[in-house]
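# Working through the structure, step by step
The residues making up each chain are set out below.
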Amino acid sequence: GTGIGEGGRDQRLPGRYSKLVLQEAWRVENPGLMQGYQGAQRRVMALEGKVGASLMKEKIRPELYRSAADLPWELQKSCGEVRLLHG
């Protein structure tokens, strides 16, 4: 199935549901943390090129991949960046 309505470890009340509706979203950036993150990205990309390392390729459901395509912030696939979701 899609995984929607099947509950999860953080589900507090019993029951099932059949759809999710986004109510609100926001983005907060810390310039200092962002610089550190971008530096780490560059180091991972350089490491992969030097040692011929192969990063793991994450496998996600096609429905999730398509729905996440419109989210802001383009992923750097060359350093193995993926979106982690919780909920």
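Refer to the structure printed above.
To keep things clear, this report deals only with the structure shown in the data block. From a predicted model like this one, the values you see are computed outputs, not experimental measurements. (Residues numbered from 1 in each chain as written. Predicted model: local features only at pLDDT ≥ 70, side-chain atom pairs only at ≥ 80, totals over all residues. Heavy atoms only, no water.)

Tallying secondary structure elements over the protein gives two helices and zero strands in all. The burial tally for the protein puts 8% of its 87 residues in the buried class. Within the protein, contacts between residues separated by at least 24 positions form 48% of all contacts whose residues are at least 6 apart in sequence. (Helix = DSSP H or I, 4+ residues; strand = E, 2+ residues; numbered from the N terminus. Buried < 20%, exposed > 50% of the residue type's maximum accessible area, 1.4 Å probe, protein only. Contact = heavy atoms within 4.5 Å.)

Let's shift gears to the side chain of Q41. Looking at the secondary structure, you find Q41 in helix α1 (residues 31-51). Look at Q41 and you get buried, because its relative accessible area is 11%. Those residues in contact with Q41, other than ones at most four positions away along the chain, are Q76, C79 and E81.

With that settled, the discussion passes to the environment of R16. Within the secondary structure, R16 is located in the segment before α1. Note: C-alpha distance between R16 and E6 (10 residues apart in sequence) is 6.5 Å.

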